[in-house]
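Below are the chains, spelled out letter by letter.
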Number of protein chains: 2
Amino acid sequence: MARSNVCHTSFGRAAVHDRIHYSKFLDLRMSAEQAADLVKPGMTVAMSGFTGAGYPKAVPGALAALMEKEQAAGNPFKINVLTGASTAPELDGVLARAGGMNLRLPYMSDPELRRRINDGEMEYMDIHLSHVAQHAWFGFYGKIDLAIIEIVGVTEDGQLIPSSSVGNNKTWLDMADKVILEVNTQQSPALEGMHDIYYGTALPPHRQPIEMTTADQRIGEPYLRVDPSKIVAVVETDAPDRLSPFAPVDETSSQIADHLLDFLDHEIRAGRLTDKLLPLQSGVGNIANAVLAGLSRGGYKGLQAYTEVIQDGMLSLLKDETIGFASATSFSLSSDGIEEFNRHVDFYRERILLRPQEISNHPELVRRLGCIALNGMIEADIYGNVNSTNVVGSHVMNGIGGSGDFARNGYLSVFMSPSVAKGGKISGIVPMASHVDHTEHDTMILITERGLADLRGLSPKQRAQVIIDNCAAPEYRPMLQDYFDRAKVSSYGKHTPHLLGESLSWHQRFIDTGDMRPGAAQA
Amino acid sequence: MARSNVCHTSFGRAAVHDRIHYSKFLDLRMSAEQAADLVKPGMTVAMSGFTGAGYPKAVPGALAALMEKEQAAGNPFKINVLTGASTAPELDGVLARAGGMNLRLPYMSDPELRRRINDGEMEYMDIHLSHVAQHAWFGFYGKIDLAIIEIVGVTEDGQLIPSSSVGNNKTWLDMADKVILEVNTQQSPALEGMHDIYYGTALPPHRQPIEMTTADQRIGEPYLRVDPSKIVAVVETDAPDRLSPFAPVDETSSQIADHLLDFLDHEIRAGRLTDKLLPLQSGVGNIANAVLAGLSRGGYKGLQAYTEVIQDGMLSLLKDETIGFASATSFSLSSDGIEEFNRHVDFYRERILLRPQEISNHPELVRRLGCIALNGMIEADIYGNVNSTNVVGSHVMNGIGGSGDFARNGYLSVFMSPSVAKGGKISGIVPMASHVDHTEHDTMILITERGLADLRGLSPKQRAQVIIDNCAAPEYRPMLQDYFDRAKVSSYGKHTPHLLGESLSWHQRFIDTGDMRPGAAQA
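What counts, and at which threshold
Residues numbered from 1 in each chain as written. Chains lettered and ligands numbered in written order. Predicted model: local features only at pLDDT ≥ 70, side-chain atom pairs only at ≥ 80, totals over all residues. Heavy atoms only, no water. Buried < 20%, exposed > 50% of the residue type's maximum accessible area, 1.4 Å probe, protein only. Helix = DSSP H or I, 4+ residues; strand = E, 2+ residues; numbered from the N terminus. Arc of directions from axis to C-beta. Contact = heavy atoms within 4.5 Å. UniProt positions renumbered as here; feature names shortened; annotations may be inferred. Least-squares fit on C-alpha atoms with pLDDT ≥ 70 in both. Core = buried A, V, L, I, M, F, W, Y, C linked by side-chain atoms within 4.5 Å. Pairing = 2+ DSSP bridges. Phe/Tyr/Trp six-rings, centres within 6.5 Å; stacked < 30°, edge-to-face > 60°. Axes fitted to C-alpha atoms, helices over the stretch in contact; angles between N-to-C directions. Parallel < 35°, antiparallel > 145°, perpendicular 65-115°, else oblique. Left-handed = near helix turned anticlockwise from the far one by under 90°. Buried area = accessible area lost by both parts, 1.4 Å probe. Salt bridge = Lys/Arg side-chain N within 4 Å of Asp/Glu carboxyl O. Nonpolar A, V, L, I, M, F, W, Y, C, P; charged D, E, K, R; others polar. Expected span 1.5 Å × (residues − 1).

Engineer: I'd like to hear about helix H11 (residues 335–343) of chain B, residue by residue, with values.
Structural biologist: Residues and elements named next belong to chain B. Among the residues making up H11, those that are buried are Gly337, Glu340 and Phe341. Each buried residue of H11 sits inside an arc of 100° when the element is viewed along its axis, so together they form one side. Exposed side of H11, more than 90 degrees from the buried face: Asp336 and Arg343 are the residues found there. Its buried side turned inward, H11 meets helix H10 (312–319), strand E13 (330–332) and helix H12 (345–349).

Have a look at this one:
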């Protein structure tokens, strides 16, 4: 629907000059090492990449090597790194290991990077994914010195064919003083035409309505624009996106998916949803995969997804027509998924659009479309406050990602987690969340493998009882009930009853003993 | 700009039949007591009213008397009450005192109602003001049995002239099974034509863009529609909105306003704002008044306000042309303000529009317009998490109101508070917020009379140092620094360093001793 008729540039698979049809850029070809030499200490460098897709694969490694050499010679070399979301070891891993980042934003998942952040060795800013581009434009992150962007190729008129993710690339290309392009011949030329780059954004007071009313609507252009005079280097790469292993659906995730499917059935029977549901947003990970697999079992047909990431599970749903169209900002496919995509690319091309994350996550569009937001969490408290980011309030896992964009503005906000983690040592339901990313005002449905709590229309105390009864693990349920019962009697105020001296004691016990259960660590 | 040319129905001031030009409704006139008899136990009743304006003034009192009579006879009589925001003693006060509410939403400020909620005698749901109407339509609050709506009058074709607030009235009139109208002859007939009721909302997947690009743009109609067959009673009233005393600007509020004005100057010099700023949203209360007064001193001309409430201070700014146009959902004027408004009504009519709160607070519009969100708070923690609602994590004051709608989606989110409360016994800056309404992802600027912390582009630890240095009161600053320094060493994770056993100890100390300062209560 409303897809423009895109002319395919016929690219070969092998050499970079087959991908670059704008001759001026051919002269700027150089090695990754030469390109890395253009990066200077203290620069703010914006890079492509979103959930392990479309990130630059060569220059960051060469840069990390350069940093290590300089640092060994006594010359400090750190930069600020801005991306779309998480990348891969070839970017975040190597730069973290080199100690090369002052500041990283807005989302990450690399283990080495996470370790450095939580050891206090570097700074990390965790930002709503819909906010990053506008905050950059507002000037909140200062000048962007350089952008390093992976692309599939360049058209004859110098436009860029985006890669397997869009993320913030439009903004980085527009804002950066200089640009390094990585042309990756491993990325399928069939990606050309699957992107929808919206050029209607502006700074207030000049903003206009975004005229999109359905998830499958094209509102932009298939190519990224760039001022050719900004391009300082073109680097050839030939490496696949880092493969996300696609874990088989486990029992717990499957039970969570079943509770969600029962709930959706219930909502349809109650007349609040039709069997077309509303556009689905789904986080990443095993539970999200299980939920997607469950939708297929549920017999739905012709649904739409308005989400961030296309995972393997989404391809299956498109294939069996459970989902008719998926809008996202990134692919995050395993090697099997990439093979499936490439084999049936003409099928998928008609059913997928990749947009800038400013658009995929835009509050205006998420509210208008009425997305059903399905996200994971670390923990929820008995009043429905959700912690998506910080283990025991201080150790950041990945970041808030787009969960806030969708949970605040969608039709339904659903948060899912196993009721326990680490073999029962951690409860997913706690007296008080140790960090709050989604407030009591923003959470509607909580699901664990134990059951589902529907918090809509409930006061804090009503929510607490439903969450304890339906979602808590059996070994933690009496502890939660005991806390809640005593809080209702002794709390300072009884709107959101709490015993402050005790409210975070489960987390402290975990820090002290490795187990939230009293006495369990000694057993 | 784009104001429609509204024909004024010529109303007299005195009798209700001069206000009702639709004869069918004249036959439905009855006393408040007769109308109250139409309310039955267990009903969900939606009422007009937003920040002390436009609430029904007679039926709630008659209903409270009926409830007390029935309860004395052993017949329980409670209802659920939905409004726009806070009302007045004549509504929330009398119904709370009668013990007549099971559940109240979405915002309140009546002392008796607050006491009942915090004593655990009734349930209260605190909801983003932009969410209420859509959640009602989504069916989250169940069926709405009855609406009680104050109006100025009825046109010849049966349309309703809205009163001094719009709030959720459109939704209540559309959704309620039956409607009681209170026609208040104290409300100025000059209000006719000052409202902009948008009838373009829909349920997803049928939603369309809201085609508004400036705060002064009319997108709707001046009247509220109602199905005449729903009207079951018309009650005449002749009472003013409860007067909000307009406190003179105190020294602390004035200092906070000065810090904000300095910051706005700084932003203009940095080229991030022009001297027209961006549309202002301002919360209610003394600090908001001081800020408004400060804008006039600042020499600004022709600003726009896209906000919730028109207070006295806003009239002054319109008068001296600091503000050229103000969009809101409600008046909240003192008796002096009402007199000023009535005296110069032709001037104000051209410069003010009142819209449904779904529109005044709509995420789509707040983001598009790029509002500067100015809101008060109870406390902020060193990482920028803001508590707007619950004293020591459990005792609700008023509610989140529209602060989340504006802070999350605006161009700038500013939160303001004195650095201490209760003569120094409470610090406005704490190690960990005891309740989180605005997360670290949503707060940009914190201001106390001590100074301003600009958190944009900063990681949690960077934010903490700026907040401690710039915003904390001198007597609490060393305590905060000590906590932060020790947390950076001993915290489990060092992204958002916390000592969980101690993080809420200030609040617990206040509960135990009445003072957050160690040893101070004994002094």
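Having put the structure on the table, let's press on.
Engineer: I'd like to hear about the UniProt feature "domain: Acetyl-CoA hydrolase/transferase C-terminal" (unreviewed entry) in chain A, residue by residue, with values.
Structural biologist: The UniProt record marks residues 337–483 of chain A with the feature "domain: Acetyl-CoA hydrolase/transferase C-terminal" (unreviewed entry), using the residue numbering of this structure. Across residues 337–483 of chain A, helical content stands at 33% and strand content at 24%; the span's end C-alpha atoms are separated by 47 Å.

Engineer: Could you give me a rundown of the relation of the copies chain A and chain B, with the residues and numbers involved?
Structural biologist: Of the transformation placing chain A onto chain B, the axial shift is 0.0 Å and the rotation is 180°, giving an RMSD of 0.0 Å. Put plainly, the chains are arranged around a two-fold axis. Every residue of chain A has its C-alpha some distance from the rotation axis, and the shortest such distance is that of A:Glu364, at 2.2 Å. The fraction of interface residues of chain A whose copies in chain B are also interface residues reaches 100%, indicating that both copies meet through the same surface.

Engineer: Just give me the short version of the nonpolar core, but keep the residues and values in it.
Structural biologist: The nonpolar side chains of a soluble globular protein tend to be buried, and buried together. Grouped together as the largest cluster of nonpolar side chains are 168 residues, with contacts concentrated most on A:Phe25, A:Leu295, A:Ile372, B:Phe25, B:Leu295 and B:Ile372. Here A:Ile372 is in contact with A:Leu264, A:Leu273, A:Leu277, A:Leu278, A:Pro279, A:Leu280, A:Gln281, A:Tyr411 and A:Leu412, once residues within four sequence places are set aside. If you look at the next biggest cluster of nonpolar residues, it comprises 66 residues, including A:Met516, B:Met432, B:Ala453 and B:Leu504.

Engineer: Go over the sheet that holds strand E23 (residues 429–430) of chain A with me, naming the residues and quoting the values.
Structural biologist: All names here are of chain A. The three strands lie next to each other as E17-E16-E23, forming an open sheet whose pairing is mixed. Looking at the sheet topology across the chains shown, the edges are occupied by strand E17 (386–387) and E23. Alignment of strand E16 (residues 379–381) against E17, held across two bridges, turns out to be antiparallel. Its bridge partner lying in E17, Glu379 is registered against Asn387.

Engineer: Give me the sheet that holds strand E16 (residues 379–381) of chain B: which residues, what numbers.
Structural biologist: Overall, mixed pairing links the three strands, which are arranged E17-E16-E23 (chain B) in an open sheet. Sheet topology places strand E17 (386–387) and strand E23 (429–430) of chain B at the edges, where each strand pairs with a single neighbour.

Engineer: Could you give an account of the packing of aromatic side chains, with specific residues and numbers?
Structural biologist: Think of a pair of aromatic rings as described by two things: how far the centres are apart, and how the planes are tilted against each other in angle. In total, this model carries 20 aromatic pairs over all chains according to the counting rule given. Ring centres of A:Phe331 and A:Phe341 lie 4.9 Å apart, and the angle between their planes is 55°; this geometry places the pair in the tilted category. With A:Phe331 in strand E13 (residues 330–332) and A:Phe341 in helix H11 (residues 335–343), the pair connects residues that are ten residues apart, well separated along the chain. Here A:Phe341 falls in the buried class, since its relative accessible area comes to 4%. Geometrically, the ring pair formed by A:Tyr411 and B:Phe140 is tilted, given 6.0 Å between the ring centres and 50° between the ring planes. Residue A:Tyr411 is located in the loop between helix H15 (403–409) and strand E20 (412–416), and its partner B:Phe140 is located in the loop between helix H6 (132–138) and strand E5 (146–154); the two belong to separate chains. As far as the burial class goes, A:Tyr411 and B:Phe140 line up, both buried. Through a chain of ring-to-ring contacts, three or more aromatic side chains come together here, namely A:Phe331, A:Phe341, A:Phe347 and A:Tyr348.

Engineer: An account of the pairing of strand E12 (residues 323–328) of chain B is requested, with residue identities and associated values reported.
Structural biologist: Every regular strand shows the same layout, with side chains that alternate between the two sheet faces. Residue and element names in this part refer to chain B. Of all six residues in E12, five are buried, a share of seventy percent or more. Pairing of strand E10 (residues 303–306) with E12 involves four bridges; the strand directions are parallel. Bridge pairing links Leu303 to Ile323 in E12. Two elements, E12 and strand E14 (residues 352–354), share three bridges in a ladder whose sense is parallel. Each bridged residue has a counterpart across the sheet, and for Ala326 the counterpart in E14 is Ile352.

Engineer: An account of the packing of helix H4 (residues 89–97) of chain A against helix H5 (residues 111–118) of chain A is requested, with residue identities and associated values reported.
Structural biologist: Residue and element names in this part refer to chain A. Look at H4 against H5: their axes get within 7 Å of each other, and the N-to-C directions meet at 40°. By the angle between their directions, the pair H4 and H5 is classed as oblique. The hand of the H4/H5 crossing is left-handed. Where H4 abuts H5, its residues Asp92, Gly93, Ala96 and Arg97 lie against Glu112, Leu113 and Arg116.

Engineer: Run through the interface of chain A and chain B, naming residues and quoting values.
Structural biologist: Chain A puts 86 residues into the contact, and the matching count from chain B is 86 residues. Summed over both sides, the interface of chain A with chain B buries roughly 7000 Å², with 56% coming from carbon and sulfur. It is A:Arg367, A:Arg408 and A:Tyr492 in chain A that bury the most area against chain B; as a group they hold 13% of the surface buried on that side. For the pair chain A and chain B, the interface holds four salt bridges. One salt bridge connects A:Glu123 with B:Lys461, and the closest N-O pair in it is separated by 4.0 Å. At five residues, the largest contribution of residues to the side of chain A that touches chain B is made by helix H14 (residues 363–369) of chain A. Of the residues in the side of chain A that touches chain B, the class split is 33 nonpolar, 35 polar and 18 charged.

Engineer: A description of the pairing of strand E8 (residues 231–237) of chain B should follow, citing residues and the corresponding values.
Structural biologist: Residue and element names in this part refer to chain B. Judged by how many residues are buried, E8 sits mostly within the fold: five of seven residues are covered. Judged from the six bridges that link them, strand E7 (residues 178–184) and E8 form a sheet pairing that is parallel. Counted as the bridge partner of Asn184 is Thr237 from E8.

Engineer: Explain the environment of A:Pro248 residue by residue, including any values.
Structural biologist: One can find A:Pro248 in the loop between strand E8 (231–237) and helix H8 (251–269). Sequence spacing of A:Pro248 and A:Asn289 is 41 residues, and the spatial spacing of their C-alpha atoms is 8.8 Å.

Engineer: Describe helix H9 (residues 286–297) of chain A, naming the residues involved and giving the relevant values.
Structural biologist: All names here are of chain A. Here H9 contains twelve residues, and its C-alpha end-to-end distance of 17 Å stays within 8% of the 16 Å for a straight helix at 1.5 Å per residue. For H9, the full list of buried residues reads Ile287, Ala288, Asn289, Ala290, Val291, Leu292, Gly294 and Leu295. Gly299 sits one or two residues past H9 and shows a positive phi near 80°.

Engineer: Requested: an account of unusual backbone geometry, with residues and values cited.
Structural biologist: The linkage connecting A:Pro204 with the following residue, A:Pro205, adopts the cis geometry, with an omega of 15°. Position of A:Pro205 among the secondary structure elements: in the loop between strand E7 (178–184) and E8. In this structure, the amide linkage connecting B:Leu105 to the following residue, B:Pro106, adopts the cis form with an omega of 0°. Here B:Pro106 lies in the loop between strand E3 (101–105) and helix H5 (111–118). Of note, the phi angle at A:Val392 is positive, near 40°, even though the residue is not glycine. Mapped onto the fold, A:Val392 is located in the loop between strand E18 (390–391) and strand E19 (395–396). A relative accessible area of 5% places A:Val392 in the buried class. Not every positive phi belongs to a glycine, and A:Lys422 is a case in point at roughly 50°. In this structure, A:Lys422 sits in the loop between strand E21 (420–421) and strand E22 (426–427). Its relative accessible area of 55% is what places A:Lys422 among the exposed residues.

Engineer: Residues and numbers for the UniProt feature "binding site: CoA" (unreviewed entry) in chain A, please.
Structural biologist: Residue and element names in this part refer to chain A. Mapped onto the present numbering, the UniProt feature "binding site: CoA" (unreviewed entry) falls on Ile378, Asn398, Gly402 and Lys422. For this annotated set, covering 45 residues, the C-alpha atoms extend up to 25.7 Å from each other, a dispersed arrangement in space. Here Ile378 shows up in the loop between strand E15 (372–376) and E16. Among the residues examined, Ile378 registers a relative accessible area of 26% and is labelled partly exposed. With near-sequence residues (within four places) excluded, Ile378 lies in contact with Asn387, Ser388, Thr389, Asn390, Val391, Met397, Ser417 and Gly428. Within the secondary structure layout, Gly402 lies in the loop between E19 and H15.

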